[in-house]
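# Observations on the three-dimensional arrangement
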Amino acid sequence: MGWPTALAVAAGALATMVSGTNTCSQWAPCYREGYCDASAMFCMWDLCDPSKSFNATSCWKPEGCVNQAVSFDSVTDVVSIKKYSGNPNTNPFVSVFEPDNAKLADGKLVLEMPYNSKNNRGFGSTVDSSHSFKYGTVTARVKTASIAKGVVSSFIFRSNLVGDEIDFEWVGKNPHEVQTNFFYHDIRNHTNKRSFDVGGDSSAAYHDYTFIWAPDSITWLVDGKKLRTLYRKDTYDRSSGEYRFPAAEGRVGFSIWDGGNAPSEGTQNWAGSPTPWTKDTVYRMYVDSINIQCSGDNPPPASSTGGGKDLTSSATSKSSTTISESRPSSSNPPASPTASSSPAPTNQPSSSNQPSPSNQPSATDSPAPSNQPSATDSPAPSNQPSATDSPAPSNQPSPSNQPSATDSPAPTNQPSATDSPAPTNQPSSSLPPPNKCHVVKVTVAA
Ligand SMILES: *[C@@H]1O[C@H](CO)[C@@H](O)[C@H](O)[C@H]1NC(C)=O
Ligand SMILES: *[C@@H]1O[C@H](CO)[C@@H](O)[C@H](O)[C@H]1NC(C)=O
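Residues numbered from 1 in each chain as written. Chains lettered and ligands numbered in written order. Predicted model: local features only at pLDDT ≥ 70, side-chain atom pairs only at ≥ 80, totals over all residues.

## Here we look at the overall build of the protein chain
- Along the protein chain, the regular secondary structure elements total four helices and 23 strands.
- When burial is assessed residue by residue, the protein chain has 55% of its 446 residues classed as buried.
- Considering only residue pairs separated by 6 or more positions, the protein chain has 71% of its internal contacts joining residues 24 or more positions apart. (Helix = DSSP H or I, 4+ residues; strand = E, 2+ residues; numbered from the N terminus. Buried ≥ 20, exposed ≤ 12 C-beta atoms within 10 Å, placed from the backbone. Contact = placed C-beta atoms within 7 Å.)

Take a look at the structure:
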């Protein structure tokens, strides 16, 4: 999958941060991919980079694992990141891109990929668990979007910050096949992918896909039948002296993206190409339910402090017991969206229409370092696309930004999932235009 590479690419493509410490202001404390803001899109744990944020505690904390069965019957089961309040118990899943192409329908989570004529390819969606996860058993009941070549569906665990990953992936050209893979620290090892027969067309019926992740092994299953076990002891790398086995806390999630129109030929070959499109085509991946069981090796929810945004108010609802039956009642609506005070529009807001929190200095008033352009004068560092040209700067990475372009050995055999360039719906696409945020101090790469 492309999560890590997308982030890295976006950051690298947009700006080179000044080396050193805090680049974000206290009014927009959370750093992500070259920008600072106070909303979930920037502050959520594992999206937010603590090392470049205002201070070491500006990013929201990891939420910790809770056992939960989510059936996507409740309207609160998934929320757009723009409206996510930071309480994982209110919304177990968050759709992390703009535009948000995930929805709930007939008791299913539906990840949609419509056509984006501007970029001449599909724009998918990605939904992540709002609780963090590390070790345990996760089963998702999924019907893939493998009805046409090029369409990629995935169910994965991923740590963005560290780059560890456990994958199920389906490529449209092989609807009966599921691919399993794992990554350690975003090292792209092309040899670890294993493909299996699903036992039917993955896009025609729901199947249960399970991974069991323990400190010493990972087992992948379909409909309760074991496909593969990977042992940590077999991942030892002599040169580095490390076990290249996933061991970092992250999130569980789902994604659909257009591999057939990816810039990299390797990715196109892997997914099938070209993805057939008419302007009205919408590809859909369905998730009926997901069951997450935390193992004893899990980091517990931080009981005294809680995780997520509000360290104290969410603490009471944190427990190690299941929360699946304790959905918020309708009389207890989600907290008012923080995003409302900080829209991340996909068209071009001027910095003047970004509401400043009433008791805080506006972007213009904000005491910016003297060598830093003010938000009004120059919202974007000069090496970034202007808001007018490209509302979501790293939205559609150019081919030259694609990770596989340089890193991939361009094998003649099928590339693994990590060969894939950042899917077009990967995290960077959710970033707002440069002038959305208080501008961070950057040095333009020479
Ligand atoms: C760190 O920044 C947050 C805002 O992101 C603020 O609430 C907190 O008080 C700061 N902590 C310290 C020690 O300055
Ligand atoms: C890739 O994984 C294989 C085992 O599956 C291992 O032998 C090889 O050393 C790994 N390569 C790298 C670069 O980690």
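## A few points about the sheet that holds strand S14 (residues 177-183)
- Strand order in the open sheet formed by eight strands is S5-S6-S10-S21-S12-S13-S14-S15, and the pairing between neighbours is mixed. Pairing within the sheet leaves two strands with one partner each, and these edge strands are strand S5 (78-80) and strand S15 (194-197). Averaged over all pairs of adjacent strands, the angle between their axes in this sheet comes to 20 degrees, without regard to strand direction.
- Pairing geometry for strand S13 (residues 165-171) and S14, over five bridges, is antiparallel. For isoleucine 166, the partnering residue across the bridge sits in S14 and is phenylalanine 182. (Pairing = 2+ DSSP bridges. Axes fitted to C-alpha atoms, helices over the stretch in contact; angles between N-to-C directions.)

## Points about the pairing of strand S16 (residues 207-214)
- Across seven bridges, strand S11 (residues 136-143) lies against S16 in antiparallel orientation. Looking at the pairing, arginine 141 lines up with aspartate 208 of S16.
- Sheet analysis places S16 next to strand S17 (residues 217-222), joined by six bridges and oriented antiparallel. Along S17, the bridge assignment pairs tryptophan 213 with isoleucine 218.

## Observations concerning the site of ligand 2
- Neighbouring residues of ligand 2: Ile187, Asn189, Thr191, Asn192, Asp237 and Arg244.
- Partitioned by chemical class, the residues of the shell around ligand 2 number one nonpolar, three polar and two charged. (Near = placed C-beta within 6 Å. Nonpolar A, V, L, I, M, F, W, Y, C, P; charged D, E, K, R; others polar.)

## Concerning unusual backbone geometry
- A cis amide bond, omega -5 degrees, links glutamate 98 with the succeeding residue proline 99.
- Its place among the elements puts proline 99 in the loop between strand S6 (93-95) and strand S7 (102-105).
- Here the amide bond leading from serine 273 into proline 274 is cis, since omega sits at -10 degrees, within 30 degrees of zero.
- With respect to the secondary-structure elements, proline 274 resides in the loop between helix H3 (265-271) and strand S22 (282-294).
- The phi dihedral of phenylalanine 72 falls on the positive side, at around 60 degrees, and the residue is not glycine.
- One can find phenylalanine 72 in the loop between strand S4 (68-70) and S5.
- Residue phenylalanine 72 is classed as buried on the basis of its 24 C-beta neighbours within 10 Å.
- The phi dihedral of tyrosine 135 falls on the positive side, at around 70 degrees, and the residue is not glycine.
- With respect to the helices and strands, the residue tyrosine 135 is situated in the loop between strand S10 (125-129) and S11.

## A few points about the environment of methionine 285
- Relative to the assigned elements, methionine 285 resides in strand S22.
- For the pair formed by methionine 285 and phenylalanine 254, sequence separation is 31 residues and the distance between their alpha carbons is 8.9 Å.
- Every residue in contact with methionine 285, bar those within four places of it in the chain, is listed here: Leu111, Thr144, Ala145, Ser153, Phe254 and Ile256.

## Focus: the pairing of S17
- In S17, alternate side chains face the same way, and those of Ile218, Trp220 and Val222 are buried while those of Ser217, Thr219 and Leu221 on the opposite face are not.
- Linking S16 back to S17 in an antiparallel pair, the connection comprises two residues.
- Where S17 meets strand S18 (residues 225-231), six bridges bridge the pair, whose relative direction is antiparallel. Within S18, the residue paired with serine 217 across the bridge is tyrosine 231.
- Counting the residues in the hairpin turn of S17 and S18 gives two residues, including aspartate 223, whose phi is positive at 50 degrees.

## Notes on the nonpolar core
- Formed by 78 residues in total, the largest nonpolar core has its most connected members in Cys30, Cys43, Cys48 and Ile256.
- For this core, the element with the most residues is S22, which contributes seven residues. (Core = buried A, V, L, I, M, F, W, Y, C linked by C-beta atoms within 7 Å.)

## Observations concerning the confidence of the model for the protein chain
- When pLDDT is averaged across the protein chain, the result is 72; 62% of the residues are at 70 or more.
- Taken as a whole, residues 310-446 scores under 50 in pLDDT and shows 288 contacts with residues more than four places along the chain or in a different chain. (pLDDT = per-residue confidence, 0-100.)

## Some thoughts on the environment of valine 79
- Turning to its location among the elements, valine 79 is positioned in strand S5.
- Residues valine 79 and valine 96 lie 17 residues apart in sequence; the distance between their C-alpha atoms is 8.8 Å.

## Things to note about the environment of alanine 204
- Topologically, alanine 204 is positioned in the loop between S15 and S16.
- Alanine 204 gets classed as partly exposed once you count the C-beta atoms within 10 Å, which come to 14.

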